Amino acid sequence: MDVAGSGLLEITAEYEAFRLGKEVDGALYREADAQWFRAILAGVVENQKIVDPMIRQALTEDWPLSRLDSTLRAILRAGVYELMKREDVPVAVAVSEYVDIAKAFYADDEPKLVNAVLDRVARRVRGEGKGKDAL
C-alpha cells in the first residue's frame, strides 16, 4: 500500500488473486488464510496511529521508522498490530512468524531487527518477551 498508493480493498484483492498460494517470479508463495490476511491488513490500517508510535519507541533513535524500507515497515506494522490487538495469538508464535516472514525477504540483519522490535513491543503491551527490560 505504501509503494503502490493503493487502498486496502485493492491490495487484499490483488494478493488473494495473484500471490497467496501462487508462483510469482519463480517463487512459490505459501497458502494463507485469506480472512486472517484481510483482518490483519484492515487492523493495521485502522490502528496505524497507535501501531507506528509503538514501533518508533522500540527502534533506536538513529533508526527512525521512515528510514526502514516499505516491506520491513509492513512486516513490523503487522506484527505489532497482532501483539497489541490479537491476544489470542501467543507472543512466541507471533514473533516467530514475523521473523520467518522477514527471512523470506531479507538475508541480513532485518530478521534480527524484527525479532528485537517485536520482543520490545511484546514486553511493553503484554508483559512478555525474551530480551532485557531496558528499552
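Data block above holds the structure.
Let us look at the structure shown here. All chains use their own residue numbering, which begins from 1 and follows the written sequence. Only residues with pLDDT of at least 70 are given local features in this predicted model, and only at 80 or more are side-chain atom pairs given and counted; all residues enter the totals for whole chains, interfaces and linings. Side-chain numbers here rest on the full set of heavy atoms in the structure, without hydrogens or water.

We now examine the side chain of Glu82. If you trace the backbone, Glu82 turns up in helix H3 (residues 70–85). Despite its burial, Glu82 pairs with no opposite charge; the closest candidate is Arg86, at 6.5 Å N-O. Only heavy atoms matter for contacts: two residues are in contact if any of them lie within 4.5 Å across the pair. If near-sequence neighbours (up to four positions away) are discounted, Glu82 is found in contact with Trp36, Ile40, Glu87, Val89, Ala94, Tyr98 and Arg126. The helix count covers DSSP runs of H or I at least four residues long, the strand count covers runs of E at least two residues long, and both are numbered beginning at the N terminus. Between buried and exposed lies partly exposed: a residue is buried under 20% and exposed over 50% of the maximum accessible area for its type, with that area taken using a 1.4 Å probe on protein chains only. The charged-residue count follows a simple rule in which Lys and Arg add positive charge and Asp and Glu add negative charge, with His and chain termini not counted at all. What makes a salt bridge here is a side-chain nitrogen of Lys or Arg within 4 Å of a carboxyl oxygen of Asp or Glu, nothing more.

Moving on, we come to helix H2 (residues 34–58). With 25 residues, H2 ought to run about 36 Å at 1.5 Å a step, yet its terminal C-alpha atoms sit only 29 Å apart, falling short of that. A bend of about 85° at Gln48 is the largest found in H2. Those residues of H2 not exposed but buried are Phe37, Ile40, Gly43, Val44, Asn47, Val51, Asp52, Met54, Ile55 and Ala58. Any helix carries an expected span of 1.5 Å times its number of residues minus one. One axis fitted to the seven residues ending at a residue, another fitted to the seven starting there: the angle between these axes is the bend at that residue.

Now for the nonpolar core. Side-chain atoms within 4.5 Å link the members of a nonpolar core, which is a set of buried Ala, Val, Leu, Ile, Met, Phe, Trp, Tyr and Cys residues. In terms of nonpolar packing, the biggest core is built from 30 residues, with Ile55, Val80 and Val114 touching the most fellow members. Elements represented by at least two residues in this core include exactly H2, H3, helix H4 (91–105) and helix H5 (110–126). Ignoring any residue separated from it by four or fewer positions in sequence, one finds Val114 in contact with Leu72, Ile75, Leu76, Tyr98, Val99 and Ala102.

Once that is clear, we can look at H5. For H5, spanning 17 residues, the distance from its first C-alpha to its last is 23 Å, which sits close to the expected 24 Å at 1.5 Å a residue. Considered for burial, the residues of H5 that qualify are Pro111, Val114, Val117, Leu118, Asp119, Val121, Ala122, Arg123 and Arg126. Buried-residue contacts for H5 involve H2, H3 and H4. Looking one or two places after H5, you find Gly127, whose phi comes out positive at around 70°.

Centre distance within 6.5 Å is the pairing criterion for rings of Phe, Tyr and Trp, where only the six-membered ring of Trp is used; planes under 30 degrees apart are then read as stacked, over 60 as edge-to-face, and the remainder as tilted. A full pass over the atoms with the stated rule returns 0 aromatic pairs. Whether a charge sits over a ring depends on NZ of Lys or CZ of Arg being within 6 Å of the ring centre and within 35 degrees of the ring normal. Above the plane of the ring of Trp63 lies Arg67, whose end atom (NZ or CZ) is 3.6 Å from the centre.

With that settled, the discussion passes to the pattern of salt bridges. Applying the stated criterion across every chain yields a total of 4 salt bridges. The shortest N-O distance in the salt bridge between Lys112 and Asp109 comes to 3.9 Å. Take Lys112 and Asp109: they sit in the same class, and that class is exposed. Its salt-bridge partner being Arg123, residue Asp119 comes within 3.3 Å of it at the nearest N-O pair. Of the two residues, Asp119 and Arg123 both sit in helix H5, 4 residues apart, roughly one turn of that helix. Assessed through its relative accessible area of 11%, Asp119 is described here as buried.

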